[in-house]
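Here are the chains, one letter per residue:
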Amino acid sequence: MKKSVSLLLAVVMMLCAAAFGTCADELAAAEAVFGKPEAIDGKPDNGWKNAKTYRSDKHDSKTPTEIAAEWKVMYDSTYLYFLVDVTDSTIGSAEYEKCENPGDLWTKNTIHIMLDLGNEHTEGYDSNAFYIDVNARGYYWNHYISVANFVKTAVSLTDKGYCVEASVDIGIYSDFKAEKGSQFGLEIWVNDNICDNNGRADFVTWNGYSDAFSNTAHLGTVTLGEKPKNAEGYNGVICGTDITKLGATLTGITNATGKDMSFITNKNKTASENVDSFGANYSDDLGVWFGVEFEKEYDVSQVIFWEGGHWNDGGWFGESPKLQVFSDGKWKDVGFSLTPDYPADNREAQGATHESYIFTLNENVSCSKVRVVGKNNSFAGHASVSEIEVYCNGRGSEKPPVVDPPKTGDGMPVFVTVSAFAFVGICFISIRRKRKSV
């Protein structure tokens, strides 16, 4: 009997572990209140008065410096907002704080705002995770995804250090919902360089993990608070609805043959995946182009072209590209505005890799394919792309119904939970029967 009871307890423990998971490392938690600052100018204002204050004060160094930060977070229907007030008495001149390679800003007096908009707490940074660097003298850089078109930052010097303010357009990740209860991963990390030319002397974090720059499992969690019923809707960079959210299947197309085109439709905008036309055979005389096709026509309002890499011999278009759509059985040029302006035909002017170029059509166009067409550059002639996104207004914008499986508790499917307890019940009944028969 004792063996049977012990076996039953072991089974119950195993089932509970499988059903509800094991305890993970305790992560920091914060709440983003609904609201917005009066301006993004690096200065606290009345817009922040209802936001809660949190601290990044967990030191990395065995000989901690004075570095510390208090910060706040808010949201509205369009943006996530951050205000980071840094205590730091050793800030260098603008020339000192500058880095020849902007990716090295971490060696200076710089904050990192690390974000995982999917809040999956996976080990690596995926297609919805990135972080930005903002320097005490206003220098900016981003990691994993080039999000400059979706981010605004400002910095001001204060009596005790400096203050950074930032807004992040949530349209960069179309699955994120600016609603009460939504969550995202966050770390506010602050570096201290004491201006002795020896690089970073210390840094502080909110959550306390020194690998957060590469491991989103160690980001804390921010939960969106109450949202007013009369709140305005999204009004940011993105115009329309991502057609993949409407059930559309995208197929990559190009005149650069022999390439794996699945990369440009898989939502991965990072440096790990590109489609490059280098060494390819061209099937027409347009120059070089990349596009996508879909299984039916949509009223397209916007196309976002995420470029790929840059190399000494090319990787970009030779001049500002144009946009074409496939309608009535043929390709047609369409009118649009491009954000930002396309840079000159050289690597220095092209700047960061994997940047987004946003084509906003002058009017919606019904079509089943789109392509971005550019002239060969003056170097090796090749260009590259990491992702193409298509947005829709009007016809085709009806989203098919999605039926999710019923859930209980912390998201456990009902049938798994029921099955677990049913199995325990069967074991218990079996033991009772054996006891009666003895």
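Below is a summary of the structure that appears in this document. (Residues numbered from 1 in each chain as written. Predicted model: local features only at pLDDT ≥ 70, side-chain atom pairs only at ≥ 80, totals over all residues. Heavy atoms only, no water.)

1. Describing the overall build of the protein chain
Okay, so step 1: A tally of regular secondary structure across the protein chain gives four helices and 24 strands.
Okay, so step 2: When the 438 residues of the protein chain are sorted by exposure, 47% land in the buried category.
Okay, so step 3: Summarising the internal contacts of the protein chain: among those between residues at least 6 apart in sequence, 72% fall at separations of at least 24.
Okay, so step 4: On the protein chain, roughly 21200 Å² of surface is accessible, and the fraction owed to carbon and sulfur atoms is 52%. (Helix = DSSP H or I, 4+ residues; strand = E, 2+ residues; numbered from the N terminus. Buried < 20%, exposed > 50% of the residue type's maximum accessible area, 1.4 Å probe, protein only. Contact = heavy atoms within 4.5 Å. Areas by Shrake-Rupley, 256 points an atom, 1.4 Å probe, with all protein chains shown as cover.)

2. Observations regarding the pairing of strand β21 (residues 356–374)
Okay, so step 1: Within β21, 14 of the 19 residues are buried, which leaves the element mostly enclosed by the surrounding structure.
Okay, so step 2: Pairing between strand β17 (residues 288–307) and β21: 14 bridges, direction antiparallel. Each bridged residue has a counterpart across the sheet, and for Val292 the counterpart in β21 is Val370.
Okay, so step 3: Sheet analysis places strand β18 (residues 322–327) next to β21, joined by five bridges and oriented antiparallel. Paired with Leu323 across the two strands is Val372, which belongs to β21.
Okay, so step 4: With four bridges connecting them, strand β20 (residues 336–339) and β21 associate as antiparallel partners. Across the sheet, Ser337 pairs through a bridge with Thr360, a residue of β21. (Pairing = 2+ DSSP bridges.)

3. Re the state of the cysteines
Okay, so step 1: Within the structure shown, the criterion is met by zero disulfides.
Okay, so step 2: No disulfide involves Cys392; its sulfur sits 9.3 Å from the nearest other cysteine sulfur, which is in Cys367.
Okay, so step 3: Residue class for Cys392 comes out buried when judged on its relative accessible area of 0%. (Disulfide = S-S within 2.5 Å.)

4. What to know about the nonpolar core
Okay, so step 1: Residues Phe82, Phe184 and Leu186 are the most contacted members of the largest nonpolar core, which totals 47 residues.
Okay, so step 2: For Leu186, the residues in contact, after removing those within four places along its chain, are Trp71, Phe82, Ile113, Met114, Leu115, Trp206, Leu219, Gly220 and Val222.
Okay, so step 3: Membership of the second largest hydrophobic core comes to 34 residues, among which are Ile264, Leu323, Leu338 and Val365. (Core = buried A, V, L, I, M, F, W, Y, C linked by side-chain atoms within 4.5 Å.)

5. Observations concerning the packing of aromatic side chains
Okay, so step 1: Applying the stated criterion to the full structure yields 22 aromatic pairs.
Okay, so step 2: Taking the centre distance of 6.2 Å and the plane angle of 45° together, the rings of Phe317 and Tyr342 count as tilted. Of this pair, Phe317 sits in the loop between β17 and β18 while Tyr342 sits in the loop between β20 and α3 (347–350), and the two are 25 residues apart along the sequence.
Okay, so step 3: For Phe317, a relative accessible area of 2% puts it in the buried group.
Okay, so step 4: Overall, Tyr342 belongs to the buried group, its relative accessible area being 13%. (Phe/Tyr/Trp six-rings, centres within 6.5 Å; stacked < 30°, edge-to-face > 60°.)

6. Topic: the pattern of salt bridges
Okay, so step 1: Counted according to the given criterion, the structure contains 13 salt bridges.
Okay, so step 2: Between Asp85 and Lys160 there is a salt bridge, with the nearest N and O atoms lying 3.3 Å from each other. Of this pair, Asp85 sits in strand β5 (residues 79–87) while Lys160 is found in the loop between β9 (151–157) and β10 (161–169), placing the two residues 75 residues apart along the sequence.
Okay, so step 3: For Lys160, a relative accessible area of 38% gives the class partly exposed.
Okay, so step 4: Taken together, the shared-partner salt bridges connect Asp242, Lys267, Lys269 and Glu389 into one network. (Salt bridge = Lys/Arg side-chain N within 4 Å of Asp/Glu carboxyl O.)

7. A look at the environment of Tyr131
Okay, so step 1: Looking at the secondary structure, you find Tyr131 in strand β7 (residues 129–135).
Okay, so step 2: For Tyr131, a relative accessible area of 7% corresponds to the buried category.
Okay, so step 3: Residues Tyr131 and Met114, 17 residues apart in the sequence, show an inter-C-alpha distance of 4.2 Å.
Okay, so step 4: Each residue touching Tyr131, except ones within four places of it in the same chain, is listed here: His112, Ile113, Met114, Leu115, Tyr125, Trp141, Asn142, His143, Tyr144 and Phe213.

8. Some points on the environment of Leu219
Okay, so step 1: Summarising the element assignment, Leu219 is placed in the loop between β12 (202–205) and β13 (220–224).
Okay, so step 2: Distance from Leu219 to Ala29, taken between C-alpha atoms, is 9.5 Å for residues 190 residues apart in sequence.
Okay, so step 3: In this view, Leu219 contacts Leu27, Met114, Leu115, Asp116, His121, Tyr125, Gly185, Leu186, Glu187, Asn207 and Ala212; residues no more than four positions away in its chain are not counted.

9. A word on the pairing of β17
Okay, so step 1: The element β17 is largely enclosed, with a buried count of 16 among its 20 residues.
Okay, so step 2: Where strand β15 (residues 251–254) lies against β17, four bridges are found, and the strand directions are antiparallel. Its bridge partner being in β17, Thr254 is matched across the sheet by Phe290.
Okay, so step 3: Inspection of the sheet shows β17 paired to strand β22 (residues 384–392) by seven bridges, in the antiparallel sense. Bridge assignment links Glu307 to a residue of β22, and that residue is Val385.

10. Structural notes on unusual backbone geometry
Okay, so step 1: A cis amide bond, omega -5°, links Thr339 with the succeeding residue Pro340.
Okay, so step 2: Within the element layout of this structure, Pro340 appears in the loop between β20 and α3.
Okay, so step 3: Positive phi is not limited to glycine here, since Tyr144 has a value of about 75°.
Okay, so step 4: Within the secondary structure, Tyr144 sits in the loop between β8 (140–143) and β9.
Okay, so step 5: Tyr144 gets classed as partly exposed once you look at its relative accessible area, which sits at 35%.

11. As for the side chain of Asn109
Okay, so step 1: Mapped onto the elements, Asn109 comes out in the loop between α2 (94–97) and β6 (110–116).
Okay, so step 2: Among the residues examined, Asn109 registers a relative accessible area of 0% and is labelled buried.
Okay, so step 3: Only 3.0 Å separates the side chain of Asn109 from the backbone oxygen of Thr90, close enough to count as a polar contact.
Okay, so step 4: At 2.8 Å, the side chain of Asn109 forms a polar contact with the backbone nitrogen of Asn193.
Okay, so step 5: With residues near it in sequence (within four places) discarded, Asn109 still touches Asp88, Thr90, Ile91, Gly92, Glu97, Asn135, Ala136, Tyr162, Asn191, Asp192, Asn193 and Cys195. (Polar contact = N/O pair within 3.5 Å; in protein donor to acceptor, adjacent residues only side chain to side chain.)

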